[in-house]
Amino acid sequence: MFHRSRSPEPTVVLVHGAFADSTSWNDVARELRREGHPVVAAANPLRGLSGDAAYVREVLAGVEGPVVLVGHSYGGSVITAAAVGADNVRALVYVAAFIPDKGESALDLAARFPGSSLGEALRPTPVTLPDGSPGMEFTIDQAKFPHQFAADVPEGVAQLMAVTQRPVTGAALEEPAPEPGWRTLPAWAVVATEDLNIPAAAQSHMAKRAGAEVTELEASHAASVSHPQEVARVVRAAGRTNGSRPHPQLTV
């Protein structure tokens, strides 16, 4: 079933990352809809990079017209893979996100730069993976979640986010990325300078490598929750692209 829109604006497809769900985009979606953008918030399975990307690609196939594809955190890895072969994607937007190159995993990239305290906050649980093999999935300890993930979000909201967080498998974080969509598509990136999950230095490195137009925000990992207007502004800028890669530029 197609998502149909008569809006002249591109549809924005929002992809959440690990330890979050689609409601983490609520305020960004509200801002975008106010400006006339159709919005779809995809439910990222968080089971494995190739499978997650295939699911998002199916979501994209159900959208008529051009798409701005937006990913947060591990969702950045997913949109990087999902955009390849999706002819309606016009731009990629990364929000406090991984932007992998071919062969890199989220785990590889997270370990490459110091500054993340995520490992100390994780709780592992044994699970059965989609292929029937044993594996592990991870959540953030609820007591540690507000500081680790959402330090600039009101405490009550952060506590609810901790309760509704969705776990990610270790397999998803370890799976190497395929050829990246940012090689052929224009990219924008929001770098969260106070991020305790993906250090700002890692975000900046990946964004520069992808030729992304960068906006820095003094924000936690939950930048879409704490700074929805600023994030929506970047998405709207990406929506105005003509499909060519932008000249990298730092905006603060």
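Rules used in this analysis
- In every chain, residue numbers begin from 1 and rise along the written sequence.
- Residue-level local features of this predicted model are given only where pLDDT is at least 70; pairs of side-chain atoms are given and counted only at 80 or more, and the full residue set underlies all totals for whole chains, interfaces and linings.
- Remark: hydrogens and water are excluded; side-chain values derive from all non-hydrogen atoms of the structure.
- Comment: elements are numbered from the N terminus, with helices defined as DSSP H or I runs of at least four residues and strands as E runs of at least two.
- The reference for a compact globule is 2.2 Å times residues^0.38; the radius of gyration itself is calculated from the C-alpha atoms.
- Exposure is judged per residue with a 1.4 Å probe applied to protein chains only, and the accessible area is read against the type maximum: over 50% gives exposed, under 20% gives buried, and values in between give partly exposed.
- By definition in these notes, contact holds between two residues if any of their heavy atoms fall within 4.5 Å.
- To be clear on the numbers: accessible area is Shrake-Rupley with a 1.4 Å probe, and residue cover counts the displayed protein chains and nothing else.
- Counting rule for charge: Lys and Arg are taken as positive, Asp and Glu as negative, and neither His nor the chain ends is counted.
- Where a charge lies is defined by one atom per residue type, namely NZ (Lys), CZ (Arg), CG (Asp) and CD (Glu).
- The term nonpolar core refers to a set of buried residues drawn from Ala, Val, Leu, Ile, Met, Phe, Trp, Tyr and Cys, joined through side-chain atoms within 4.5 Å.
- Pairing between two strands requires that DSSP report at least two bridges joining them.

A. Focus on the overall build of the protein chain. Helices and strands together make up the secondary structure of the protein chain, namely 11 helices and 10 strands. The C-alpha atoms of the protein chain give a radius of gyration of 17 Å, which matches the 18 Å a tight globule of 252 residues would have. Seen along its three principal axes, the alpha-carbon backbone of the protein chain occupies a region of about 45 × 40 × 30 Å. A burial count over the protein chain gives 54% of its 252 residues as buried. Within the protein chain, residue pairs in contact and separated by at least 24 positions form 74% of the contacts whose partners lie at least 6 positions apart. Entry remark: accessible area of the protein chain is about 11,000 Å², with carbon and sulfur atoms responsible for 53%. The positive charge centre, built from 20 side chains, and the negative charge centre, built from 27, are 6 Å apart in the protein chain.

B. How the structure looks around the nonpolar core. The biggest cluster of nonpolar side chains holds 59 residues, and the ones touching the most others in it are Val 13, Leu 69, Val 89, Leu 92, Tyr 94 and Phe 149. Apart from residues lying up to four places away in sequence, Leu 92 is in contact with Leu 69, Ile 79, Ala 83, Gly 181, Trp 182, Leu 185, Pro 186, Ala 187 and Trp 188. In this structure, Leu 14, Val 28, Ala 29 and Ala 223 belong to the second largest nonpolar core, which totals 24 residues.

C. Region of the structure containing the pairing of strand β8 (residues 187–192). Of all six residues in β8, six are buried; the element is thus mostly enclosed. Burial of the side chains of β8 extends over both faces: Ala 187, Ala 189 and Val 191 are buried on one face and Trp 188, Val 190 and Ala 192 on the other. Pairing of strand β4 (residues 89–97) with β8 involves four bridges; the strand directions are parallel. The partner of Leu 92 across the bridge, within β8, is Ala 187.

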